[in-house]
Amino acid sequence: MGNKVIGRFAPSPTGLLHIGGARTALFAWLYSKSLGGDCFLRLEDTDTERSKQKYTDSIIASFKWMGIEFDQEPVYQSKNKDNHIERALQLVESDRAYYCECSSERLNKLREEQDKKGQKPKYDGKCRNLKLQRGDTSVIRFKNPESGSVAFNDLVRGEIEVSNKELDDLIIVRADGSPTYNLCVVIDDLDMNISHVIRGDDHINNTFRQINIFNALEEDHPVYGHVPMILGEDGKRMSKRHGAVNVLDYKESGVLPEALLNYIVRLGWSYGDQELFSLEELKKIFKDGKLNNSPASFSLEKLLWFNREYFLNLETEELLKKVISESTMFKSDDYSLAVVDLVKERCSLLSEFENEGSYFFEDNVKINSQDAERILNKEGLLILDYLNLVFREIKNWDVKNIKESINKTMEEKQVGMASVGKPLRLAITGRTNSASVDETCFVLGKERVLERLKKILDN
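Bear in mind that the values here come from a model prediction, so they are computed numbers and not experimental data.

Draft legend 1. Structural detail: a negative patch on the surface. A cluster of acidic residues, Glu 362, Asp 363, Glu 447 and Glu 451, forms a negative patch at the surface. In this fold, Glu 362 is placed in the loop between helix H13 (352–357) and helix H14 (369–375). Residue classification places Glu 362 among the partly exposed positions, given a relative accessible area of 31%.

Draft legend 2. Here's a closer look at the sheet that holds strand S4 (residues 97–100). Taken in spatial order, the three strands make up an open sheet running S4-S5-S8, and their pairing is antiparallel. What marks the edges here is a single partner per strand, and that holds for S4 and strand S8 (171–173). Put simply, the sheet's adjacent strands are angled 45° from each other on average, direction ignored. The pairing of strand S5 (residues 139–142) with S8 spans two bridges and is antiparallel. Residue Ile 140 lies in a different strand from S8, and its bridge partner there is Val 173. The sheet strands contacting helix H3 (residues 81–93) are S4, S5 and S8, and the helix crosses S4 at an angle near 95°.

Draft legend 3. Structural context of the layout of surface pockets. Of the voids in this model, the largest pocket is the one considered here, and its volume is about 1100 Å³. Around the largest pocket, the lining is made up of 41 residues, and of these Pro 11, Ser 12, His 18, Asp 202 and His 203 lie nearest the centre. When contributions to the lining of the largest pocket are tallied by element, the ones reaching two or more residues are strand S1 (6–9), helix H1 (19–34) and strand S9 (196–200). One number sums up the size of the second largest pocket: a volume of about 370 Å³. In terms of lining residues, the second largest pocket is bounded by 17 residues, among which Val 365, Ala 427, Arg 452, Lys 455 and Ile 456 are the most central. The leading source of residues in the lining of the second largest pocket is helix H19 (residues 446–458), at six residues. For the lining of the second largest pocket, the class distribution of residues is nine nonpolar, two polar and six charged.

Draft legend 4. The arrangement of the side chain of Ser 336 in detail. Along the chain, Ser 336 falls in helix H12 (residues 334–343). Excluding its chain neighbours within four sequence positions, the residues that come into contact with Ser 336 are Leu 320, Phe 330, Lys 331 and Phe 361.

Draft legend 5. Representation of the sheet that holds strand S2 (residues 38–43) in the model. Across the sheet, which stays open at both edges, the three strands sit in the order S1-S2-S3 with parallel pairing between neighbours. Each having just a single partner strand, S1 and strand S3 (75–76) make up the two edges of the open sheet. Relative to S2, S1 runs parallel, the two being bridged by four bridges. Bridge pairing links Phe 9 to Leu 41 in S2. Each of S1 and S2 touches H1; the most contacted strand, S1, lies at about 170° to it. Its contacts with the sheet place helix H2 (residues 53–66) against S1, S2 and S3, and it is angled at close to 155° to S2.

Draft legend 6. View of helix H18 (residues 437–444). Counting buried positions along H18 gives six out of eight residues, so the element sits mostly inside the fold. Those residues of H18 not exposed but buried are Val 437, Asp 438, Thr 440, Cys 441, Val 443 and Leu 444. Considering only its buried residues, H18 is in contact with H12, helix H15 (378–392), helix H16 (399–413), helix H17 (417–429) and H19. Positive backbone phi, at 95°, marks Gly 445, one or two positions downstream of H18.

Draft legend 7. Fine view of the environment of Lys 322. Among the structural elements, Lys 322 can be located in helix H11 (residues 316–324). In sequence terms Lys 322 and Leu 350 are 28 residues apart; their C-alpha atoms lie 7.4 Å from each other. When residues no more than four places from it in sequence are discounted, the contact partners of Lys 322 are Leu 256, Glu 258, Leu 314 and Leu 350.

Draft legend 8. Inspection of empty space enclosed by the protein at higher detail. In the structure shown here, the tally under the stated rule is one cavity of 30 Å³ or more. Of the voids in this model, the largest cavity is the one considered here, and its volume is about 30 Å³. Taken together, Gly 7, Arg 8, Ala 28, Tyr 31, Ser 32, His 196, Val 197 and Ile 198 form the lining of the largest cavity.

Draft legend 9. Focus on the pairing of S9. By the criterion of burial, S9 is predominantly enclosed, with five of the five residues buried. Once the chain exits S9 it traverses helix H6 (residues 204–216) before rejoining the sheet at strand S10 (residues 223–227), and the crossover so formed is right-handed.

Draft legend 10. Highlighting the nonpolar core. Of all hydrophobic cores here, the largest spans 92 residues; its most connected members are Phe 63, Met 66, Leu 260, Phe 353, Phe 391 and Leu 424. Phe 353 has contacts with Phe 311, Leu 319, Val 323, Phe 330, Val 340, Val 343, Lys 344 and Cys 347, leaving out every residue within four places of it along the chain. Judged by nonpolar contacts, the second largest core, of 31 residues, contains Val 162, Ile 194, Ile 211 and Ile 213.

Draft legend 11. Seen up close, unusual backbone geometry. The phi angle at Asp 95 is positive, at roughly 60°, despite the residue not being glycine. Positionally, Asp 95 belongs in the loop between H3 and S4. One non-glycine residue, Lys 131, adopts positive backbone phi at about 55°. Tracing the sequence through the fold places Lys 131 in the loop between helix H4 (104–116) and S5. For Lys 131, a relative accessible area of 59% corresponds to the exposed category.

Draft legend 12. Structural view of the packing of aromatic side chains. With the rule as written, the count across this model stands at 18 aromatic pairs. Taking 5.8 Å as the distance between ring centres and 85° as the angle between the ring planes, the aromatic pair formed by Phe 9 and Phe 63 counts as edge-to-face. Taken together, the residues Phe 9 in strand S1 and Phe 63 in helix H2 connect sequence positions 54 residues apart. Assigned by exposure class, Phe 9 and Phe 63 land together as buried. Plain terms: the ring middles of Phe 330 and Phe 361 are 5.0 Å apart, the flat faces sit at 70° to each other, and that makes the pair edge-to-face. Here Phe 361 lies in the loop between H13 and H14 and Phe 330 lies in the loop between H11 and H12, a separation of 31 residues in the sequence. Through pairs of rings, three or more aromatic residues link up here, namely Phe 27, Trp 269, Tyr 271, Phe 277 and Phe 286. Lying across the ring of Tyr 123, Arg 141 places its NZ or CZ 3.7 Å from the centre.

What counts and how
Residues numbered from 1 in each chain as written. Predicted model: local features only at pLDDT ≥ 70, side-chain atom pairs only at ≥ 80, totals over all residues. Heavy atoms only, no water. Patch = residues over 30% accessible without salt bridge, like charges linked within 9 Å, V, L, I, M, F, W, Y side chains within 5 Å. Areas by Shrake-Rupley, 256 points an atom, 1.4 Å probe, with all protein chains shown as cover. Salt bridge = Lys/Arg side-chain N within 4 Å of Asp/Glu carboxyl O. Lys, Arg positive; Asp, Glu negative; His and termini not counted. Charge placed at Lys NZ, Arg CZ, Asp CG, Glu CD. Helix = DSSP H or I, 4+ residues; strand = E, 2+ residues; numbered from the N terminus. Buried < 20%, exposed > 50% of the residue type's maximum accessible area, 1.4 Å probe, protein only. Pairing = 2+ DSSP bridges. Axes fitted to C-alpha atoms, helices over the stretch in contact; angles between N-to-C directions. Contact = heavy atoms within 4.5 Å. 1 Å grid on protein atoms, 1.4 Å probe; cavity = no way out; pocket = protein on both sides within 12 Å on 5 of 7 lines; lining within 4 Å. Points joined across faces, edges and corners; volume = space filled by probe spheres on them. Nonpolar A, V, L, I, M, F, W, Y, C, P; charged D, E, K, R; others polar. Right-handed = clockwise from strand over helix to strand, strands pointing away. Core = buried A, V, L, I, M, F, W, Y, C linked by side-chain atoms within 4.5 Å. Phe/Tyr/Trp six-rings, centres within 6.5 Å; stacked < 30°, edge-to-face > 60°. Lys NZ or Arg CZ within 6 Å of the ring centre and 35° of its normal.

On their own, these measurements won't tell you what the molecule is for.
So this is what it looks like as structure tokens:
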């Protein structure tokens, strides 16, 4: 296989790319890149009934959004069918595989009998040594070794071994002439010179079978690493009830690709106490971290924390560009820039900026009648009346002078900040909760603030 590290991610285009698949792909890609190697995308599309072009397109679009750039163009497993069959026939010729004529009725009856006896269902080898020739209904079965064991040193789990008696003679070519998964994977890994395979631990049983096929072909098998599945916060397998599981759902909801990547890389990989990594940094250090062998728990709250941290660490100009892509309200101007800078601490998703910043762009602020009755009472209106006067006297409209005017109102009326801040906030934003009221006044501008105060006082 050579000395260069070559990895791969091999999804079946029978569905959308979910968060678990994205995490596995990221691990495979980063592992190869951190060792100076390549990583390929192989679409295992041999299930012609369930494989759809829309799923292929979605998988590729997901990786493009995340910034995972595989080497070369995607490889389609279905295009290698002739080679799969040729290698299967090679195994038959070398007596490492054989034709089997057992009917589905016989196999079903065999399974029922084994089940009654409490035995593990497996083929009994009836046709193994009959030297049958190919017939219209025959399949090709792999001749799994009958003794000894198969073992490998897993990158995540260490040494793993199973007795060959636990494995049976699996079908590698169906009666219709189509090759099966375990054969295709072996041949494709050989043809692509794959040296390292990182995939989910649900493939461990396949790995034993595949290693035996590699051995039968007298070829070296790749180095394997099997990462545990991702669980929901309730400890159960990740599903739709735990939140969005399709990668592009996160894009649609306003998660940054950098935040998603940074979060999922920590679901099963650790590198000291560091929380935030750039993609370029991960490509260098991933090999030096630790792949954990226990399942990780997905937390939407933690993902949103990462997303908010990225908002805070992005240059405001860059963040505004991303907000504009999700909003018709924000524009490429200084005013929108100031609004984004002010409300970003209150947002966990790009989709939240429009709601958090809407009162900066509305001509008429709507106030809930119950809030108005409770806060804009006689005392509140007296406060606003005085604020209206002191705000008008401000010549240089900045946060410092706005604060001083608020403090002056508190002293004059002998009240605390809440008695001033609450009616002022409600009057200028229509809300009881918003960004800092003095900074909000500054960004809105003197003219807008006075207009909104006047409207309240006039009514």
